[in-house]
Structures are given as C-alpha cells and as structure tokens.
Amino acid sequence: MPTVSIVVPVYKAEKTLDACVESILAQTFSDFELLLIDDASPDRCPQMCDAWAEKDPRIHALHPAKTGPGPSGARNAGLDAAAAPWITMVDSDDTVAPDLLETLLAGAERTGAELVLCNCCPVTEDGARHPLPENERFTEETLLGVEAFWDAFGTPWINQFTGTAHRLYAARLFAHARYPLGMLHEDYYLLPDLIAGCTRIVCLPYTGYYVLRHAGSITDGARHEVRLAMTRGDIHRAEYFLANGWYDRAEGALTDAALFLHGNKRAYDLTKPGHRAEFAETKRELCRVYDALAAQKGAASLKLRAAALHIGLPVFAGYLKARR
C-alpha cells in the first residue's frame, strides 16, 4: 500500500500534463501512487495518461464516464480508487515542488493534523511566479482546532483555505464525503464536510504548489455558475454551523450568501429560463436555512430578517442597511 495517493483530474491539458506529471515524479518522497483521471477529455489526454501509466508502475490511468461540468466526477473516481491513508490532489495544469509530499507528511507527523495546508503561488504562462500578498500567506506554522479554523476563515487566509490542492488530507476525511456533481467551486462547497472530520489543521509557512493562471481555465466564461456555486457553498456552510449550534457563524454565512446573491443579480442573466430556475432554487434554499436558524435561535430580530428575505433580496438588504 502506498503512503500517499495523488489524484489528478485531466481535461484538455495537452500542453501542461507532461510538466505536471514530471514535477510529481520528481518528488523526494517516492512512496506514492499517481492516479491520472481522464475526465473524457476530447483531445490527446486519454492517450497521454495511458502512456504515462506504461512508464511508471506507480501511475494508474483511469477513464471513468464524465458526470457533468467541472472536475467533481473525476475527483470522486480518484477517491474511490485511492489506496493510501493520505490523499493529495493536483490540477493537471499546475506543478509542484520536489519536496511537497515530504514537507506535508512531516507536518502531519509532527502535529497529528488530519489536514495539512501550505501556500500556493500563482504562475503566469510566461513562467513568472507571483507570490500572494504576505497577509494571505502562512508565514509561520499554525495549528488550528476546528473552531479556530472557522475563525481564521474570515481572514485573508480564506484564499488558501478554499482550494483543493496544496494540501494533504487524511483519507478517512473522505469516508462519507464526495464532491458535488455538476458544480463549480465544488471544493468550497465540500469544505465543511471535510473540516467536520478534523481535530487539527496545520498551516505550513512553505510554498510548494504552483498554480497556472491562464485564459480558458475551468471557471473562465462561467461566471453565472461560479457565483451561484459560491452562494450554495455559503448556504451549505451555514447548515453545518447550525448543526453545531454556532448561530452567529450560521447567520454570518447566510448574510454573506444573501448579500452576494443580491449584489450579483445582474450577472445571472435572468432572461434565460435555466438561470431563472437556478436562481429561484438557490433563493429557496437560502430562505429555508434562514428560517431554520430563526426557529432554533428564537430571536425576534432573526425572524424579522427571515421574513424580509422571503419578501425579496432588496428588502433584506435594505433592512440590514437600516439596522446599521
């Protein structure tokens, strides 16, 4: 059994896949399996995955049926096939430092954390690296409990917390968790389900993951779906907070969701029937969870806000503004 399973969804990555795989094979820690998940890519990627699998016994090429837009189905297929007690994920247009696995595993062993995060660094197509601002990076090793993690979620560290890669997961975190199909920002949505299985999360002051920024990325041209996915993620996070009795956190997440939905309404192009239906369903979910929060906490002010939300997003936003 390998120590780490590396899951790489592959879709339209002809130009970047070789560099990605080569950076993984250059790891100083070599006890891993590399799962290349061909996500029904319409180019040469399926053949490239098979060719890599023939070169190294640690590499396995999988060709599951595509389950919708985004990488969720491919990631889930990789999780189903993963054999190791630790899992990390790499996007097929990114690269990693040679000591990434060694550093993340050492952090897990040293702290007992089930989730180990490090810094990512954006890279442009000319190869230039553009480190994130200092306040968004981990500058010292920080061990967080679950509540401390959610406290830190409201800081600029959120940009490191909400991705899928540049981290090491205990495989058991995925025992009852899978990525939602057909949704962009699926990692943002799933995060509460993974954190619920943690006792410790460690953030390392180490940069070992390089994210390629380029036109044509998975969210490029999908602003409608991205915005709705972010809102659904906030609602799902609020439900998790509510289940734990963290009413203030739940209210904060729901308020973020409502104001984001209201502020971005013009971006949804509600003249399209499909967009209209998605928007309406998301608002219904928002109202349902806000009603549950108001009922559980029992505060009159929350019940008034819930009523305002049912009337409409402008009324809710106006009510909040008047209360400031």
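Residues numbered from 1 in each chain as written. Predicted model: local features only at pLDDT ≥ 70, side-chain atom pairs only at ≥ 80, totals over all residues. Heavy atoms only, no water.

### Comments concerning the overall build of the protein
No. 1: Helix and strand counts for the protein come out as 12 helices and nine strands.
No. 2: Relative to its length of 324 residues, the protein is compact, with a C-alpha radius of gyration of 21 Å against a globular reference of 20 Å.
No. 3: In terms of its C-alpha atoms, the protein occupies a principal-axis envelope of roughly 65 × 45 × 35 Å.
No. 4: When the 324 residues of the protein are sorted by exposure, 51% land in the buried category.
No. 5: Accessible surface, the protein as shown: approximately 14,500 Å² in total, 53% of it carbon and sulfur.
No. 6: Positive and negative charge centroids in the protein, built from 33 and 42 side chains respectively, lie 10 Å apart. (Helix = DSSP H or I, 4+ residues; strand = E, 2+ residues; numbered from the N terminus. Rg over C-alpha atoms; globule rule 2.2 N^0.38 Å. Buried < 20%, exposed > 50% of the residue type's maximum accessible area, 1.4 Å probe, protein only. Areas by Shrake-Rupley, 256 points an atom, 1.4 Å probe, with all protein chains shown as cover. Lys, Arg positive; Asp, Glu negative; His and termini not counted. Charge placed at Lys NZ, Arg CZ, Asp CG, Glu CD.)

### Quick look at the environment of L104
No. 1: Looking at the element boundaries, L104 is found in helix α4 (residues 100-111).
No. 2: C-alpha separation for the pair L104 and R213, spaced 109 residues apart in sequence, amounts to 24 Å.
No. 3: For L104, the residues in contact, after removing those within four places along its chain, are V116, C118, R167, L168 and L204. (Contact = heavy atoms within 4.5 Å.)

### Considerations on the nonpolar core
Soluble, globular proteins show a tendency: their nonpolar side chains are buried together.
No. 1: The biggest cluster of nonpolar side chains holds 101 residues, and the ones touching the most others in it are W150 and F161.
No. 2: Residue contributions to this core peak at eight residues, all from strand β9 (residues 201-213). (Core = buried A, V, L, I, M, F, W, Y, C linked by side-chain atoms within 4.5 Å.)

### Side note on helix α10 (residues 273-297)
No. 1: In this model α10 runs 36 Å from its N-terminal to its C-terminal C-alpha over 25 residues, within 8% of the 36 Å that 1.5 Å per residue would give.
No. 2: Turning to α10, its buried residues number three or more, namely H275, F279, T282, K283, L286, C287, V289, Y290, L293 and A294. (Expected span 1.5 Å × (residues − 1).)

### A closer look at the packing of aromatic side chains
No. 1: Counted by the stated rule, this structure contains 16 aromatic pairs.
No. 2: Arranged with centres 5.7 Å apart and planes meeting at 50°, the rings of Y240 and F241 form a pair that is tilted. Comparing Y240 with F241, the two get one shared label, buried.
No. 3: In this structure, R75 packs its charged tip against the face of Y179, placed 5.5 Å from the ring centre. (Phe/Tyr/Trp six-rings, centres within 6.5 Å; stacked < 30°, edge-to-face > 60°. Lys NZ or Arg CZ within 6 Å of the ring centre and 35° of its normal.)

### Digging into the side chain of S5
No. 1: Along the polypeptide, S5 turns up in strand β1 (residues 4-10).
No. 2: Classification of S5 by relative accessible area gives buried; the value is 0%.
No. 3: There is a polar contact of 3.1 Å between the side chain of S5 and the backbone nitrogen of A84.
No. 4: Beyond its immediate stretch of four places on either side in the chain, S5 contacts E33, A82, A83, A84, W86, I87 and T88. (Polar contact = N/O pair within 3.5 Å; in protein donor to acceptor, adjacent residues only side chain to side chain.)

### Topic: helix α1 (residues 17-25)
No. 1: Considered for burial, the residues of α1 that qualify are L17, C20, V21, S23 and I24. The buried residues of α1 occupy an angular sector of 160° when projected down its axis, which confines them to one face.
No. 2: Against the buried residues of α1 lie β1, β2 (32-38), α2 (45-55), β3 (59-62) and β5 (95-96). (Arc of directions from axis to C-beta.)

### Describing the environment of R323
No. 1: Relative to the assigned elements, R323 resides in helix α12 (residues 313-323).
No. 2: The sequence separation of R323 and R249 amounts to 74 residues, and the corresponding C-alpha distance is 19 Å.

### Here we look at unusual backbone geometry
No. 1: Its identity is not glycine, yet H166 carries a phi of approximately 45°, on the positive side.
No. 2: Among the structural elements, H166 can be located in the loop between α6 (158-161) and β8 (167-170).

### Some remarks on the side chain of K283
No. 1: Take K283: it is sitting in helix α10.
No. 2: One buried charge, K283, has no salt-bridge partner; the nearest side chain with opposite charge is D291, at 9.5 Å.
No. 3: With sequence-adjacent residues up to four places away left out, K283 is seen in contact with L261, L309, H310, G312 and L313. (Salt bridge = Lys/Arg side-chain N within 4 Å of Asp/Glu carboxyl O.)

### Remarks on the pairing of β3
Regular strands place side chains that alternate from one sheet face to the opposite one.
No. 1: Two elements, β2 and β3, share four bridges in a ladder whose sense is parallel. The residue of β3 that forms the bridge with L34 is I59.
No. 2: Crossover β2 to β3 through α2 is right-handed. (Pairing = 2+ DSSP bridges. Right-handed = clockwise from strand over helix to strand, strands pointing away.)

### A short note on the confidence of the model for the protein
No. 1: Looking at the protein, the pLDDT average stands at 92 and 94% of residues meet or exceed 70.
No. 2: Across residues 218-222, confidence stays below pLDDT 50; counting only partners more than four residues off in sequence or on other chains, it has seven contacts. (pLDDT = per-residue confidence, 0-100.)

### What to know about the pattern of salt bridges
No. 1: The tally for this structure, following the rule as stated, stands at 15 salt bridges.
No. 2: Among the salt bridges present, the one from K66 reaches D39, with a minimum N-O distance of 2.6 Å. Taken together, the positions of K66 in the loop between β3 and α3 (72-81) and D39 in the loop between β2 and α2 put the pair 27 residues apart, joining distant regions of the chain.
No. 3: For K66, a relative accessible area of 33% gives the class partly exposed.
No. 4: Between D248 and K297 there is a salt bridge whose closest N-O contact spans 3.3 Å. You can see D248 sitting in helix α9 (residues 247-263) and its partner K297 sitting in helix α10, a full 49 residues away along the chain.
No. 5: The class of D248 is exposed, set by a relative accessible area of 58%.
No. 6: Residue classification places K297 among the partly exposed positions, given a relative accessible area of 37%.
No. 7: One continuous salt-bridge network, built from bridges that share partners, spans R75, D91 and E186.

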